[in-house]
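Summary of structural features
Okay, here's what each chain looks like letter by letter:
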Amino acid sequence: MPEGHTIHRAARLQRRRFAGARLSVDSPQGRFGSGADVLDGRVLEDVDALGKHLFYRWEDEVTLHVHLGLFGKFGIWSKGAPPPTEGTRMRWIGEPGVLHLAGPTACDLMEPHEEEAVRARLGPDPLAVRPGDPERFAAALRRRKIPVAQALLDQKVIAGIGNVYRAEFCFLAGIDPRRPADEVSADDADLLWRLAVAHLTVGERIGRIVTVDPAEAGVDRWRDVPRSDRLYAYKRDDRACRRCGDHIRRTELAKRRVWWCPTCQPD
DNA sequence: GCTGCATGATGAA
DNA sequence: TCATCCTGCAGCA
């Protein structure tokens, strides 16, 4: 299940494995049938990620756009791939292995102007940093009158953050998630950006979300933090805050749950 | 077997 | 703000 780190990691691993290969492409489910026909037998040249979007470059300037949404999932096998299921939207078969894609929100061929429209809707991506991005993020965030945790899910404010990271970054920054974004200080906005860059980078490397510092969990490496110790706030209703012992609270903002520590994250 | 839920996003009202 | 779409799985009968 995907926030930006999952997508950038998928791009990196799929590029490494499949770029340069000629692939047989089909849609066992049928819902990507005509697109699969276009890709079938072409060489995959490169894979790009921006925010939660993937762009696959195929020979002859053909671009495939994939967005996993809430449920989308890749399966990749070197050998012994299982048969596709009802949900297998797209399948690749080639010398490097087999890939299945199930449940994506988007899996479509894209013209350059359509890709441009997608990119134009996205704010700065902490895993694809460009000059001026911290300032762009701070300005976009502090312009909004909605709760800061809600603004952090707006992909135009920052691309690639999801429900887990937003709760964790508010915790680490010591900000009540309900605080209006336009009341977040410039320093705090800068801190949120730096947290996003640092933690999504870790997540991309190790393939999971860990925000609890390894030292705090008594281990040496991010990847060694035990499952139950990886997060400070997300889904920790009524558990004791790891820092202060107060009870983690839960609320809903725009139909998404968010968790916080009332002591560590004052209003 | 059914229900509800999940790291997401959109378009209509 | 709401309905809708995408899939799989845990928890329950």
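Figured I'd write up the structure that's included with this text.

What counts and what doesn't
- Every chain is numbered on its own, with residues counted from 1 as its sequence reads.
- Each chain takes a letter, starting from A, and each ligand takes a number, starting from 1, following the order in which they are written.
- Predicted model: local features are reported for residues with pLDDT of at least 70 only, side-chain atom pairs are reported and counted for 80 or more only, and whole-chain, interface and lining totals are derived from all residues.
- Processing note: side-chain calculations cover all non-hydrogen atoms of the structure and skip hydrogens and water entirely.
- Being near a molecule or strand, for a residue, means having at least one of its heavy atoms within 4 Å of it.
- Under this definition, polar contacts are N or O atom pairs within 3.5 Å; protein pairs additionally need one hydrogen-donor-capable and one acceptor-capable atom, and for neighbouring residues in sequence, both atoms have to be side-chain atoms.
- Put simply, Ala, Val, Leu, Ile, Met, Phe, Trp, Tyr, Cys and Pro go in the nonpolar bin, Asp, Glu, Lys and Arg in the charged bin, and everything else, Gly too, in the polar bin.
- Here a strand is any run of E in DSSP of at least two residues, a helix any run of H or I of at least four, and the numbering for each starts at the N terminus.
- In this analysis, the expected span of each helix is defined as 1.5 Å times one less than the number of residues it contains.
- Buried residues are those whose accessible area, probed at 1.4 Å on protein chains only, stays under 20% of the maximum for their type, while exposed residues exceed 50% and partly exposed ones sit between those limits.

Taken together, Q29, R31, F71, R89, G103 and T105 form the complete shell of residues around DNA strand C. For DNA strand C, the backbone portion of the atoms within 4 Å of the protein, that is sugar and phosphate, comes to 54%. In the environment of DNA strand C, a phosphate oxygen lies 2.6 Å from a nitrogen or oxygen atom belonging to the side chain of Q29. Contacts to DNA strand C include R89, whose side-chain N or O atom sits 3.2 Å from a sugar or linking oxygen. When grouped by side-chain class, the residues that make up the surface near DNA strand C number one nonpolar, three polar and two charged.

It is worth spelling out helix α1 (residues 4–18) at this point. For α1, spanning 15 residues, the distance from its first C-alpha to its last is 21 Å, which sits close to the expected 21 Å at 1.5 Å a residue. Listed as buried for α1 are G4, H5, I7, H8, A10, A11, Q14 and F18. Phi turns positive one or two residues past the end of α1, at G20, with a value near 95°.

The subject of this paragraph is the protein's contact with DNA strand B. Taken together, 19 residues are adjacent to DNA strand B, and K52, F71, G162, Y234 and R256 come closest. Taking the atoms of DNA strand B that fall within 4 Å of the protein, sugar and phosphate contribute 65% of them. Within the side chain of Q155, an N or O atom sits 3.5 Å from a phosphate oxygen of DNA strand B. Contact between DNA strand B and Y234: a phosphate oxygen at 2.3 Å from a side-chain N or O atom of the residue. Counting only elements with at least two residues in the surface near DNA strand B, the list comes to α6 (163–173) and β10 (256–260).

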